[in-house]
Amino acid sequence: MRRIVFSLLICFLIGSLAAAFEIEGYPFTLSAKQVDFDEQTRNIRARGSVVITQNNLVLETESFFYDAVHHRLVMDEPIFLRDDAGRSIRADSFYYDFLDRSGRVSSVNAYVDG
């Protein structure tokens, strides 16, 4: 309990909350100004300067929601995804359904450095 309180205090002082999560077997780190995790439903909601990292990928957005009950991932604000090779993708929104393995992305732009 002391570790949780200390971690929350540090996050409050630096202005963002960072935590390790796993969605559908994929581990990642999430940081944002506000992160809500519902222990009962396992839903995750993040708002404000959201940064998600997994391996060599970094995703930035302002809004992130994982609906664990329905196995859906929603980012309804613009997203910016980049890797360490200089490739990046920008989109206006992103939706993915893990159950039927389908999704949609709106207004996609891809960039490659070099």
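As a starting point, this report considers the structure included with it. Being a predicted model, the structure only gives us computed values, none of them experimental.

Some words on the environment of F21
Within the secondary structure, F21 sits in strand 1 (residues 17-23). By relative accessible area, F21 is classed as buried at 14%. Sequence separation of F21 and I44 is 23 residues, and the distance between their C-alpha atoms is 9.1 Å. Beyond its immediate stretch of four places on either side in the chain, F21 contacts Y26, P27, F28, L30, V35, F37 and I44.

Here we look at the packing of aromatic side chains
If you walk through the whole model with that rule in mind, you get five aromatic pairs. Here Y96 and F98 contribute two aromatic rings whose centre-to-centre distance is 4.9 Å and whose plane-to-plane angle is 80 degrees, an arrangement assigned as edge-to-face. What makes Y96 partly exposed here is its relative accessible area of 24%. F98 sits in the buried class, given a relative accessible area of 19%. Within the aromatic cluster, the residues linked to one another by ring pairs are F21, F28, F37 and F64. Lying over the aromatic face of F65, R45 brings its terminal NZ or CZ to 4.2 Å of the ring centre. Sitting above the plane of the Y95 ring, R104 keeps its charged end 4.5 Å from the centroid.

Conventions adopted
Residues numbered from 1 in each chain as written. Predicted model: local features only at pLDDT ≥ 70, side-chain atom pairs only at ≥ 80, totals over all residues. Heavy atoms only, no water. Helix = DSSP H or I, 4+ residues; strand = E, 2+ residues; numbered from the N terminus. Buried < 20%, exposed > 50% of the residue type's maximum accessible area, 1.4 Å probe, protein only. Contact = heavy atoms within 4.5 Å. Phe/Tyr/Trp six-rings, centres within 6.5 Å; stacked < 30°, edge-to-face > 60°. Lys NZ or Arg CZ within 6 Å of the ring centre and 35° of its normal.

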